[in-house]
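Given next are the chains, with one letter for each unit.
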Amino acid sequence: MRPILERLIPCLLLLLAGASSSITTFILAGAILTTIGSAGVAMALTLAPSPWAVNEIINWLMGSLADRSFDDVTLAAPFIVVGLGLLMLTGPALDALTLGDTGARALGIDMARTRLLIACGVGLTVGASVAATGIIGFVGLVTPHLIRPLVGARPRALLAPCALAGAAVVLAADIVVRLAPSQNELRLGAAMAAV
């Protein structure tokens, strides 16, 4: 159920904001969906049938690579690969968008198609990843800043290196979390939020 909901959010975002709307409308639509999602999580915690179900929800919300197997990778990988493929198709449009919406349109970029590809690509990659590991935040915010000095600032050049570096950042953070001395295992999502 979670993977289906994770993939529906970009579609809901496009329906709510409209494919040709401004970036401000997109951000406001995202804030609305975030609030609705938070209310859904609170309701799930309230209506959980047992303390173990509450514990599972909390573990997923905190994100972790513990108890994950190659089966989780096999389930998530097809969606991630398709999503990355869609995002790679947007490379020239992303470069043009550095000039802003007006500049990109002047260069012949179809903004509605670009937004659709980006929303579907991000929805597939992030949805599959989050369904497999739980919420591990800030990887997408930290990684591009680490990679930008190495490959330059062009968005198209950052796509593939950021995908690989994001995985490396998550694995490095997981190793640090597992080696940290504590009675209870520190959750990866909480550690990444601290970064």
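Because the structure is a prediction, the values reported are computed rather than measured. Residue numbers run consecutively from 1 along every chain, following the written order of its sequence. The model is predicted, so local features are restricted to residues of pLDDT at least 70 and side-chain atom pairs to those at 80 or more, both for listing and for counting; the totals for chains, interfaces and linings are taken over all residues. Only heavy atoms go into the side-chain values, all of them from the structure, while hydrogens and water stay out.

## Observations regarding the packing of helix H8 (residues 139-151) against helix H9 (residues 155-179)
Between H8 and H9, the shortest axis-to-axis distance is 9 Å and the interhelical angle comes to 120°. In this view, H8 runs oblique relative to H9, as classed from their interaxial angle. Crossing of H8 over H9 shows right-handed handedness. Here Val139, Thr143, Pro144, Leu146, Ile147, Arg148 and Val151 of H8 come into contact with H9, specifically with Ala157, Leu158, Pro161, Cys162, Ala165, Gly166, Val169 and Val170. In the contact of H8 with H9, the residues fall into 12 nonpolar, 2 polar and 1 charged. Axis lines are fitted to C-alpha atoms, over the contacting stretch for helices. Their N-to-C directions set the angle, which ranges from 0 to 180 degrees. Comment: elements are numbered from the N terminus, with helices defined as DSSP H or I runs of at least four residues and strands as E runs of at least two. Just so you know how the angles are binned, under 35 degrees is roughly parallel, over 145 roughly antiparallel, 65 to 115 roughly perpendicular, and the rest oblique. In this scheme the handedness of a crossing depends on how the near helix is turned from the far one: anticlockwise by less than a right angle means left-handed, clockwise means right-handed. Any pair of residues with heavy atoms lying within 4.5 Å of one another is described as a contacting pair. Residue classes follow a fixed rule: Ala, Val, Leu, Ile, Met, Phe, Trp, Tyr, Cys and Pro count as nonpolar, while Asp, Glu, Lys and Arg count as charged, and any other residue, Gly among them, counts as polar.

## Some details on the confidence of the model for the protein
For the protein, per-residue confidence averages 84 on the pLDDT scale, and residues scoring 70 or more make up 90% of the total. The least confident element of the protein is helix H1 (residues 2-17), whose mean pLDDT is 61; the most confident is helix H4 (residues 70-89), at 94. Every residue carries a pLDDT, the predictor's confidence in it, which falls somewhere between 0 and 100.

## Describing the nonpolar core
Nonpolar side chains in soluble globular proteins tend to be buried together. Put simply, buried Ala, Val, Leu, Ile, Met, Phe, Trp, Tyr and Cys residues joined by side-chain atoms within 4.5 Å make one nonpolar core. Only protein chains enter the calculation, and the probe is 1.4 Å; a residue is then buried if its accessible area is under 20% of its type maximum, exposed if over 50%, and partly exposed in between. Leu65, Ile136, Val139, Val169, Val170, Ala173, Val177, Leu188, Ala191 and Met192 form the largest nonpolar core, which has 10 residues in total. Elements supplying a minimum of two residues to this core: H9 and helix H10 (188-194). With 4 residues, H9 is the largest single contributor of residues to this core. Apart from residues no more than four positions distant in its own chain, Ala191 is found in contact with Val177 and Leu186. Counting 5 residues, the second largest nonpolar core, distinct from the first, contains Ala93, Ala96, Ala104 and Ile109.

## Quick notes on the packing of helix H2 (residues 23-47) against helix H3 (residues 51-62)
Helix packing geometry: the angle between the two helix axes and the distance between the axes. It is the contact of H2 with H3, at a shortest axis distance of 9 Å, that shows an interaxial angle of 150°. Looking at the two axes, H2 sits roughly antiparallel to H3. Handedness of the H2/H3 crossing: left-handed. Here H2 contributes Val41, Ala44 and Leu45 to the contact with H3, which in turn contributes Val54, Ile57, Ile58 and Leu61.

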